[in-house]
Amino acid sequence: MKLDNQTIEQHNRQFVEKHQRAFSYTAENIANVEELLDKLQQFQIAIPSWALGTGGTRFGRFSGKGEPGTLEQKIEDVGLLHALNRSSGAISLHIPWDIPDDAEKIKELAASHGLGFDAVNSNTFQDQPGQEHSYKFGSLHHVDPKVRKQAVDHNIDVIKHGIALGSKALTVWLADGSSFPGQLNFREAFQNTLESLKEIYNHLPDDWKMFVEYKAFEPNFYSTTIADWGQSLLLASKLGDKAYTLVDLGHHLPNANIEQIVSLLLMEGKLGGFHFNDSKYADDDLTAGSIKPYQLFLIFSELVEGMDVRGIEHATGLGWMIDASHNLKDPLVDLLQSVEAIKIAYAQALLVDRKALKEAQQQNNIVRAQEILQDAFRTDVRPLVAEARLRQGAAINPVALFRELDIRNKLIEERGSNTVATGL
Ligand SMILES: [Mn+2]
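Residues numbered from 1 in each chain as written. Predicted model: local features only at pLDDT ≥ 70, side-chain atom pairs only at ≥ 80, totals over all residues.

So, the pairing of strand β5 (residues 169-172)
Looking along a regular strand, one sees the side chains alternate between the two faces of the sheet.
Then step 1. Here β5 shows no split at all, with A169 and T171 on one side and L170 and V172 on the other all buried.
Then step 2. Where strand β4 (residues 120-121) lies against β5, 2 bridges are found, and the strand directions are parallel. Following the sheet pairing, V120 is matched in β5 by L170.
Then step 3. Traced from β4 through helix α5 (residues 145-165) to β5, the parallel crossover comes out right-handed.
Then step 4. Inspection of the sheet shows β5 paired to strand β7 (residues 209-213) by 4 bridges, in the parallel sense. Across the sheet, residue V172 finds its bridge partner in β7, namely V212. (Buried ≥ 20, exposed ≤ 12 C-beta atoms within 10 Å, placed from the backbone. Helix = DSSP H or I, 4+ residues; strand = E, 2+ residues; numbered from the N terminus. Pairing = 2+ DSSP bridges. Right-handed = clockwise from strand over helix to strand, strands pointing away.)

If you want it as structure tokens, here you go:
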């Protein structure tokens, strides 16, 4: 299913007058509104191939209908999202769930939807059919060199698939860890991981990045071998200039100050990428901005400040991706909501009066500092985000158009009720 421009224009005509009034009201108080709109238009958030199907829980999976059953259909789904919001211009593939039979054909299909390929993701957290050695006790950190070699070879294979598709980054997330005290020698596990990552790093093309993702818990519950940003930064620093830390919002211990982590990683030039989601308790993988929108804003505020200080291009300097998986909402609607929430937080962060904030900090004027941040956060920037979309030929209200066109039922007609997307 492909949306044409006429359908979108027709939808926009219903909303455009109301939108113009709201936009004029918001825009008149913003000095650099054109610059801000340009930045919003450029900012793209990659969609992971595993978020297009209904996610499971530890206890069950309640499949939706009309899920994309093939890589081609996954690309079509991201194409639909991108047509609706013009902000989801890339797909991030997971290997081996999404190995293309014909990389050139897949590239052409993606290009026909205006999509590129974001980071490729390896998987050594589960065994694949016919695999010689098991990852039950870990992969890159494993005590057995044969298991480590198998996991290294898999990552090298993932890089090759990525090269064929035009990706520029490899994301490594490991489930490696221990669930009981005494199970692991922490130092040896870390050193094995480092040696394995070095071998993978040696196969990275010059213009590629390696993202080392950390997670404090799950599926192992006593220790994880790359548990936090310190351990990831240590590995990335030892590996070299092409290795970076990747921050996934759901991978921290409760109440961690993620905005401070982001700030310091940017200071060190080692923040590579970002996985957006939201959570109440742990790695809940809920819609971005659905639980803690103020935290998302504070994180973006540090991102914008830190990128500006280092002269990093907002849209392209870091890898921006959603990493969430839903078991209740329609995955496509959920992704539209996540992208919208991310762009709202970004727009609010762009509104922060940096000069005034700096002055307030120098004077220890904490009341003023809070006012400045909250002024930006409490500005209704939705008309700005909608205006950016309108200028790009996207829908003023993507979720409304999704509903209006009855897109899910059309996908069910096309694909049937029983298709199941590969993934979690
Ligand atoms: Mn992640």
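Moving on, there is more to tell.
Describing the nonpolar core
Then step 1. Counting residues in each nonpolar core, the largest one holds 110 residues, and the members touching the most others are I91, L170 and A347.
Then step 2. Ranked by residues supplied to this core, first place goes to helix α10 (residues 331-351) with 13 residues.
Then step 3. Not counting residues within four places of it along the chain, the set of residues in contact with I91 comprises A46, I47, S49, I75, V78, A110, L115, F117 and D118. (Core = buried A, V, L, I, M, F, W, Y, C linked by C-beta atoms within 7 Å. Contact = placed C-beta atoms within 7 Å.)

A few points about the packing of helix α3 (residues 71-85) against α10
Then step 1. Contact pair α3 / α10: the axes reach a minimum separation of 11 Å and the direction vectors enclose 45°. Taken together, the axes of α3 and α10 are oblique relative to one another. The element α3 and its partner α10 pack so that their crossing is right-handed. Across the interface between the two elements, D77, L80, L81, L84 and N85 of α3 pack against L332, L335, L336 and V339 of α10.
Then step 2. The class makeup of the residues in the contact of α3 with α10 is 7 nonpolar, 1 polar and 1 charged. (Axes fitted to C-alpha atoms, helices over the stretch in contact; angles between N-to-C directions. Parallel < 35°, antiparallel > 145°, perpendicular 65-115°, else oblique. Left-handed = near helix turned anticlockwise from the far one by under 90°. Nonpolar A, V, L, I, M, F, W, Y, C, P; charged D, E, K, R; others polar.)

Regarding the sheet that holds strand β3 (residues 116-117)
Then step 1. Taken in spatial order, the 3 strands make up an open sheet running β1-β2-β3, and their pairing is parallel. Each edge of the open sheet is held by one strand with a lone partner, namely β1 (47-48) and β3.

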